[in-house]
Amino acid sequence: MAKYHSKLVDKQGYVDWDDEEHQVWTTLVSRQIPLVEQRACQPYIEGLKSLALPMDSVPQLPAINAVLQQTTGWRCAPVPALINFDRFFALLADKQFPVATFLRHRDEMDYLQEPDYFHEIFGHCAMLTHPDFAAFTAAYGKLGLNASHEERVFLARLYWFTVEFGLLKEGDKLKIYGGGILSSPAESVYALESDQAERQLFSVLDVLRTPYRIDILQPIYFYLQDIADLYRLSQADLRRKVQEAKQLGLFAPKFEPKESVHA
């Protein structure tokens, strides 16, 4: 069940954000930008400049869509706080990125389970200005739209370890392109600097076979050698890779079961 509810969007695509929400946005953005400036990949940094997100007010979708349309033909689609997988994949396949029009409360500034407006806009939209990332995301939507329930479970890991928690090699350094990291102050530092996290060269089969939990700092991240790897991935026979992963089976989880943590 969703704790939050999306705000109404008018016919022009605008949301009536209140003063508290503007202040929450300002707090989130002002603390996150210094963290990602030296840690985010160059395509993200360039995309963020193109979006020119305001610091003192919540950005509106028409302004963001104008940039996305001009760069990659994408746009944001306002949605309720939670949508089903059929709707999710259909939107991505149509080059529409689902964005829930609500902002987290102050008591959940550091983490909330539901992806909010800050996560979607600040975490993901900058990367959607890059053609390779945009091509992969659309291809992923088309793949998921026609996949079985069992195949979608495997595909969820692919999305998790790329769009949400992906790393990228730039020169001799690892940088961040995953929105789940870029919108999290703790994970932005942890993903690159913690000696507890594993960082592994991206392999489709390994990713499809790696379990994850959404409510912890990730024990493992996969990094690409080049952002163009995402475009090449969009052209690959990923459905066949899913079948291979199913035959090989999952790796042992690198984390404790949730029940054990809270026991």
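Our structure's up above, just so we're on the same page.
The structure contained in this document is the topic of the report that follows. Since this is a predicted model, take the numbers as computed values, not measurements.

## Overview of the overall build of the protein
Reasoning step 1: Helix and strand counts for the protein stand at 13 helices and 6 strands.
Reasoning step 2: Dimensions along the principal axes, computed over C-alpha positions, put the protein at roughly 50 × 40 × 35 Å.
Reasoning step 3: Within the protein, contacts between residues at least 6 apart in sequence are counted, and of these 67% link residues at least 24 apart.
Reasoning step 4: Carbon and sulfur atoms provide 52% of the accessible area of the protein, an area that totals close to 12,500 Å².
Reasoning step 5: Side-chain charges in the protein split into 27 positive and 35 negative, and the spacing between the mean points of these groups amounts to 5 Å.

## Observations regarding the packing of helix H4 (residues 85–93) against helix H6 (residues 131–145)
Reasoning step 1: It is at 7 Å that the axes of H4 and H6 come closest, and there the two elements cross at 140°. Judged on the interaxial angle alone, H6 and H4 are oblique. Crossing hand, H4 versus H6: left-handed. Residues Asp86, Phe88, Phe89, Ala90, Leu92 and Ala93 of H4 touch H6, and the partners they reach there are Thr137, Ala138, Tyr140, Gly141, Lys142, Gly144 and Leu145.

## What about the sheet that holds strand E4 (residues 173–176)?
Reasoning step 1: Across the sheet, 4 strands lie side by side as E4-E3-E6-E5; this open sheet has mixed pairing. A single partner strand is all that each edge strand has here, and the edge strands are E4 and strand E5 (198–201). Looking at each pair of strands side by side, their axes are set apart by 40° on average, direction ignored.
Reasoning step 2: As defined by bridge partners, strand E3 (residues 167–170) adjoins E4 across 4 bridges and the pair is classed as antiparallel. Each bridged residue has a counterpart across the sheet, and for lysine 169 the counterpart in E4 is leucine 174.

## Points about the nonpolar core
Reasoning step 1: Grouped together as the largest cluster of nonpolar side chains are 76 residues, with contacts concentrated most on Trp25, Tyr44, Ile64, Tyr117, Ile121 and Leu158.
Reasoning step 2: For this core, the element with the highest residue contribution is helix H7 (residues 149–164), accounting for 7 residues.
Reasoning step 3: Beyond its immediate stretch of four places on either side in the chain, tryptophan 25 contacts Leu53, Pro54, Met55, Ser57, Val58, Pro59, Leu103, Tyr117, Phe118 and Ile121.
Reasoning step 4: In this structure, Ala81, Leu91, Ala100 and Leu112 belong to the second largest nonpolar core, which totals 8 residues.

## Structural notes on a negative patch on the surface
Reasoning step 1: A cluster of acidic side chains, namely Asp10, Asp16, Asp18 and Asp19, defines a negative patch on the protein surface.
Reasoning step 2: Secondary-structure assignment places aspartate 16 in the segment before helix H1 (19–36).
Reasoning step 3: Owing to a relative accessible area of 65%, aspartate 16 belongs among the exposed residues under this scheme.

## With respect to H7
Reasoning step 1: Burial of H7 is extensive: 12 of the 16 residues sit out of reach of the surface.
Reasoning step 2: Where H7 is concerned, the buried positions are Glu151, Arg152, Phe154, Leu155, Arg157, Leu158, Tyr159, Trp160, Phe161, Thr162, Val163 and Glu164.

## So, the pattern of salt bridges
Reasoning step 1: What the rule picks out here adds up to 14 salt bridges.
Reasoning step 2: Across the pair aspartate 116 and arginine 104 runs a salt bridge whose closest N-O atoms are separated by 2.8 Å. Of this pair, aspartate 116 sits in the loop between strand E2 (96–100) and helix H5 (117–125) while arginine 104 sits in the loop between E2 and H5, and the two are 12 residues apart along the sequence.
Reasoning step 3: Overall, the relative accessible area of 0% leaves aspartate 116 in the buried class.
Reasoning step 4: A salt bridge links glutamate 198 to lysine 254; the nearest nitrogen and oxygen atoms lie 3.1 Å apart. A residue pair is termed long-range when its members are at least 10 positions apart, and glutamate 198 in strand E5 and lysine 254 in the loop between helix H12 (238–248) and helix H13 (258–261) qualify at 56 residues.
Reasoning step 5: The partly exposed category is assigned to glutamate 198, whose relative accessible area is 36%.
Reasoning step 6: When salt bridges with common partners are traced through the structure, they connect Arg213, Asp215 and Lys258 into a single cluster.

## A closer look at the pairing of strand E6 (residues 220–224)
Reasoning step 1: A large share of E6 lies buried, amounting to 5 of its 5 residues.
Reasoning step 2: On E6, burial covers both faces: Ile220, Phe222 and Leu224 on one face and Tyr221 and Tyr223 on the other are all buried.
Reasoning step 3: The sheet contact formed by E3 and E6 spans 2 bridges and is parallel. Looking at the pairing, leucine 168 lines up with leucine 224 of E6.
Reasoning step 4: Pairing between E5 and E6: 4 bridges, direction parallel. Paired with arginine 199 across the two strands is tyrosine 221, which belongs to E6.

Analysis parameters
- Residues numbered from 1 in each chain as written.
- Predicted model: local features only at pLDDT ≥ 70, side-chain atom pairs only at ≥ 80, totals over all residues.
- Heavy atoms only, no water.
- Helix = DSSP H or I, 4+ residues; strand = E, 2+ residues; numbered from the N terminus.
- Contact = heavy atoms within 4.5 Å.
- Areas by Shrake-Rupley, 256 points an atom, 1.4 Å probe, with all protein chains shown as cover.
- Lys, Arg positive; Asp, Glu negative; His and termini not counted.
- Charge placed at Lys NZ, Arg CZ, Asp CG, Glu CD.
- Axes fitted to C-alpha atoms, helices over the stretch in contact; angles between N-to-C directions.
- Parallel < 35°, antiparallel > 145°, perpendicular 65-115°, else oblique.
- Left-handed = near helix turned anticlockwise from the far one by under 90°.
- Pairing = 2+ DSSP bridges.
- Core = buried A, V, L, I, M, F, W, Y, C linked by side-chain atoms within 4.5 Å.
- Buried < 20%, exposed > 50% of the residue type's maximum accessible area, 1.4 Å probe, protein only.
- Patch = residues over 30% accessible without salt bridge, like charges linked within 9 Å, V, L, I, M, F, W, Y side chains within 5 Å.
- Salt bridge = Lys/Arg side-chain N within 4 Å of Asp/Glu carboxyl O.

Limitation: the analysis is restricted to geometry and does not speak to function.
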